[in-house]
Amino acid sequence: MRIDVLTLFPEVIEPFCGSSIIGRARRGGLVTIRTTNIRDFATDRHKSVDDRPFGGGPGMVMMCPPLFAAVEKVESEDPAPATRVLLCPQGEPFTQAIARELAAQQRLLLICGHYEGFDERIRLGLAPREISIGDYVLSGGEAAALVLIDAVVRLLPGALGDEESTTEESFSAGLLEYPHYTRPREFRGMGVPDVLLNGDHARIEQWRRQEAVRRTRERRPDLLTEFDAGPPGGGPES
Ligand code: 9D3
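Just so we're clear, the structure is a prediction, and the values are computed from it rather than from any experiment. (Residues numbered from 1 in each chain as written. Predicted model: local features only at pLDDT ≥ 70, side-chain atom pairs only at ≥ 80, totals over all residues. Heavy atoms only, no water.)

(A) Representation of the side chain of Arg123 in the model. With respect to the secondary-structure elements, Arg123 resides in helix α5 (residues 120–126). A polar contact of 3.5 Å, which involves the side chain of Arg123, links it to the side chain of Gln90. Beyond its immediate stretch of four places on either side in the chain, Arg123 contacts Leu86, Cys88, Gln90, Phe118, Pro128 and Glu130. (Helix = DSSP H or I, 4+ residues; strand = E, 2+ residues; numbered from the N terminus. Polar contact = N/O pair within 3.5 Å; in protein donor to acceptor, adjacent residues only side chain to side chain. Contact = heavy atoms within 4.5 Å.)

Structure follows, in structure tokens:
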């Protein structure tokens, strides 16, 4: 996969994409990630990338010419068609299902803004998929692009080590994680549930599933299917 990031702050994108699982995937040739500074495509002597809104009002608006030039230049570097993504608060809420869809593409082109908004003709002319990462206000699209890259790259075949990948498909899919413990057996007066210490793997698995369901019911009831949910009002395990 190739991912291009169009941004005014390439220095924010680069270190994150060199570290951890993403860095390893890059070094292993699973993904090529390139950043392009939209400002390099400004056409006036002030290197403008934004301007005041027609009709007045607060803030600045990202203008069309530099961004279109950047998109055309970057897309011309590789014949594979790119799935264009505009990171913006008005976009479709990002989910694991969208991450899976994007991970199946050959090429992604992510566009980050840093202004009150984008000139509407960016949407008309580039027809990007618009994605938001949630209902809170960021100062720009870069953090959202990093979230998306992280979620997508770890899904590429071979990106996760053997140990990391197996947990993904485990019985707990769709539930929150069960509680984890490691050494020491006692820490500042806090112990470890006995069931985890006596080696009965069937009971351990049963306990973990019960705790995962309990936690999901308490914290994220919206994730529970009817099958997981148990009787309304909670059964004996709550
Ligand atoms: C405070 C400015 N807001 C006025 C109602 C509009 C606004 C414009 C630009 C709010 C945030 C931003 C910058 N945000 C993003 O570029 C962004 C974002 C986000 O803020 N939240 C969740 N997902 C995303 S993806 C891109």
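(B) Geometry of the environment of Glu218. Topologically, Glu218 is positioned in helix α8 (residues 201–219). Sequence-wise, Glu218 and Ile122 are 96 residues apart; in three dimensions their C-alpha atoms are separated by 43 Å.

(C) Main features of the nonpolar core. Core analysis: the largest hydrophobic core is formed by 31 residues, its most contacted members being Ile3, Phe94, Leu102, Leu110, Leu148 and Ile149. Among the nonpolar cores identified, the runner-up in size contains 20 residues, and Val49, Met62, Ile111 and Leu126 belong to it. (Core = buried A, V, L, I, M, F, W, Y, C linked by side-chain atoms within 4.5 Å. Buried < 20%, exposed > 50% of the residue type's maximum accessible area, 1.4 Å probe, protein only.)

(D) Seen up close, the sheet that holds strand β2 (residues 32–37). Strand order in the open sheet formed by five strands is β2-β1-β6-β5-β8, and the pairing between neighbours is parallel. Pairing within the sheet leaves two strands with one partner each, and these edge strands are β2 and β8 (129–132). Sheet twist, expressed as the mean angle between neighbouring strand axes with direction ignored, is 30°. Across six bridges, the pairing between strand β1 (residues 2–7) and β2 is parallel. When the sheet's bridge partners are listed, Asp4 is paired in β2 with Arg34. Running over the sheet, helix α1 (residues 10–17) touches β1 and β2 and is turned about 165° from β2. Along the sheet face, helix α3 (residues 64–76) touches β1, β2, β5 (83–93) and β6 (107–112) and points at about 160° away from the line of β6. (Pairing = 2+ DSSP bridges. Axes fitted to C-alpha atoms, helices over the stretch in contact; angles between N-to-C directions.)

(E) Local environment of α8. Between its terminal C-alpha atoms α8 stretches 27 Å, which fits the 27 Å expected from 19 residues at 1.5 Å a residue. Looking at α8, one finds that the buried residues are Ile204, Trp207, Glu211, Ala212, Val213 and Thr216. The elements touched by buried residues of α8 are α9 (226–229). (Expected span 1.5 Å × (residues − 1).)

(F) Broad picture of the site of the ligand. Among the 16 residues in the neighbourhood of the ligand, the closest are listed as Glu116, Ile133, Gly134, Tyr136 and Leu138. One of the backbone nitrogen or oxygen atoms of Ile133 is found 3.0 Å away from a nitrogen atom of the ligand. In the environment of the ligand, an oxygen atom lies 3.2 Å from a nitrogen or oxygen atom belonging to the backbone of Gly141. A total of 570 Å² of accessible area belongs to the ligand in isolation, and the protein chains cover 71% of it. Only β5 and β8 provide two or more residues apiece to the shell around the ligand. Partitioning the shell around the ligand into residue classes produces 10 nonpolar, five polar and one charged. (Near = heavy atom within 4 Å. Areas by Shrake-Rupley, 256 points an atom, 1.4 Å probe, with all protein chains shown as cover. Nonpolar A, V, L, I, M, F, W, Y, C, P; charged D, E, K, R; others polar.)

(G) Fine view of the pairing of β5. Judged from the five bridges that link them, β5 and β6 form a sheet pairing that is parallel. Paired with Leu86 across the strands is Ile111, a residue of β6. Handedness of the crossover joining β5 and β6 through helix α4 (residues 96–103): right-handed. Sheet analysis places β5 next to β8, joined by five bridges and oriented parallel. Across the sheet, Leu87 pairs through a bridge with Ile131, a residue of β8. (Right-handed = clockwise from strand over helix to strand, strands pointing away.)

(H) Structural detail: the sheet that holds strand β3 (residues 50–51). Across the sheet, which stays open at both edges, the three strands sit in the order β3-β4-β7 with mixed pairing between neighbours. The two strands at the open ends of the sheet, each matched to only one other strand, are β3 and β7 (117–118). Two elements, β3 and strand β4 (residues 61–62), share two bridges in a ladder whose sense is antiparallel. Bridge assignment links Asp50 to a residue of β4, and that residue is Met62.

(I) Quick look at unusual backbone geometry. Of note, the bond from Arg183 into Pro184 is cis; its omega dihedral lies within 30 degrees of zero at 5°. A positive phi is found at Ser20, a non-glycine position, where the angle reads about 55°. Secondary-structure assignment places Ser20 in helix α2 (residues 20–27). Although it is not a glycine, Lys47 sits at a positive phi angle of roughly 55°. Note on placement: Lys47 falls in the loop between β2 and β3. On the accessibility criterion, Lys47 (40% relative accessible area) is partly exposed.

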